[in-house]
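# Residue-level structure breakdown
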Amino acid sequence: MGRERRTHEPPAGQQARLGRDFWFYFSGQAVSQLGGSFTTFALPLLVFKLTHSATNLAFTTAAEFVPYLLFGLLLGAVVDRFDRKRLMLGSDIAQALVIAVIPVLAIGGVLRVEDIYAVSFVQSTLGIIFNCGEFAAIPSLVGQRELVTANARIMATNSAGQILGPGLAGALVAFVPVADLLFVDAGSFVVSSCCLALIRRSFNAATPASHPSGSVIRALLADVREGLAYVWSNPVLRSISIMMALINFVAATADSQLVLFARRALHATNSEIGFLYAAGAAGVVAVSLVAGPIRRRLSFAVTALGALVVTGLTMTAMALAGSYAAALVLWAASSGFGLLLNINTIALRQAIVPPQLYGRVVSVAQVLAWSAIPLGALAGAAAINLSGSVTGVYAVIGVLTAAIALAFAFSPVAHGDRYLSEATERPAVSAADAPDLAAPRTMPSG
């Protein structure tokens, strides 16, 4: 425990190599995100086609995020106690089967909006397992100095798939039913699971996976309490979680009602809506590719909070412009700078959190931050219904987002660099110090 920290860091002046296992992981996620972009495009269109309702679009978003409130803390503890890579691999396979239910029901002519809610709920529950494991995967594969770069590479490539995906899906929808696009997502989960199986390094290297002794439930609940206590006692983690909850409550409507905004405010066709989604992903790619250099030149507070201000102001500008061409550019900027905030807050958590707490901390952070999304989505739908103006609601969302960022400039978030510096000086056992506990490269059973 007291040994000097060893990481994957290169000698001073040399660029770090991200390594073979990272690129397997990177490739699987690129394909998975390409498939996921088909679903991101298709599900709102299916709901809109079935209901033409802002409220039903909000319920779809709620169904996706309610599982984090119900199961997030417990599943985060599970991911810390068992083999993370096996759990992620199993999650991929299960999600492939679940997402295929929607096109199968559509082919049979029996698809209802309630079925979409149910599939979103189950897939999101399975996705919690993968997300918690992913938080531990990146620092297991690269050194601390490369966390921002590695996260940015993954997000950029994920979004590159989301550029191609909605555009391709928008073109294909002229020839195939919308629901059939979800078969692509199902196949992409299978590819992701295969890439995970090829990775040699363990995602539990610093904390060997083990089965709990005694009462499983009691042990997991104790783990949950430990994770909650750690996040709430750390000023910067607590502040980030509160800030994200406020942002998500305000901004949830921007994503859940994008189809409605495009239809009513921009008079966009299905293909044009696909290109709007693609423009958002293009903005994420552009900003993600320069996230590392930006972070090296600017402080954590200026990078993260400044990005959030830009996100809000460009969203307001998009609403007021009322032009499809302007919306493509402004939505790209809003999406890109929103992800710049996420890249830096994720890297900060990964750098300062002890590895044995990775799963619990990310689940606690998600529960605290994402608990506001269902409420925000429903509140946004109500605001649209009451005001009759989706444009006005988007304009207010942008102003409030920028205001939240400015308010947290006076919180511990402004001192993020100090917490990073303290984490760098703290001795710890890294992944390189621990034995390789990677599971055999085979599909898990049971």
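For the structure, see preceding data.
Calculation rules
- Residues numbered from 1 in each chain as written.
- Predicted model: local features only at pLDDT ≥ 70, side-chain atom pairs only at ≥ 80, totals over all residues.
- Heavy atoms only, no water.
- Helix = DSSP H or I, 4+ residues; strand = E, 2+ residues; numbered from the N terminus.
- Buried < 20%, exposed > 50% of the residue type's maximum accessible area, 1.4 Å probe, protein only.
- Contact = heavy atoms within 4.5 Å.
- Areas by Shrake-Rupley, 256 points an atom, 1.4 Å probe, with all protein chains shown as cover.
- Polar contact = N/O pair within 3.5 Å; in protein donor to acceptor, adjacent residues only side chain to side chain.
- Core = buried A, V, L, I, M, F, W, Y, C linked by side-chain atoms within 4.5 Å.

### Brief notes about the overall build of the chain
A count of helices and strands for the chain gives 18 helices and zero strands. The buried share of the chain, reckoned over its 446 residues, is 57%. Within the chain, contacts between residues separated by at least 24 positions form 90% of all contacts whose residues are at least 6 apart in sequence. Put simply, the chain shows about 18100 Å² of open surface, and 66% of that area lies on carbon and sulfur atoms.

### Looking at the side chain of Ser91
Of note, Ser91 is situated in helix H3 (residues 84-99). Not counting the four nearest positions on each side in its chain, Ser91 is found in contact with Leu126, Gly127, Ile129 and Phe130.

### Quick look at the environment of Arg238
Positionally, Arg238 belongs in helix H9 (residues 235-256). Residue classification places Arg238 among the partly exposed residues on the basis of a relative accessible area of 25%. Counting along the chain gives ten residues from Arg238 to Leu228, while the straight-line C-alpha distance between them is 9.9 Å. Filtering out sequence-adjacent residues up to four positions away, Arg238 remains in contact with Val231, Trp232 and Ser233. Only 2.5 Å separates the side chain of Arg238 from the backbone oxygen of Trp232, close enough to count as a polar contact.

### A closer look at the nonpolar core
The biggest cluster of nonpolar side chains holds 124 residues, and the ones touching the most others in it are Tyr25 and Tyr394. Looking at which element gives the most residues to this core, the answer is helix H5 (residues 113-141), with 14 residues. Dropping the residues within four chain positions of it, Tyr25 is found in contact with Met88, Phe130, Glu134, Ala137, Ile138, Leu141, Ile154, Leu196, Ile199 and Phe203.

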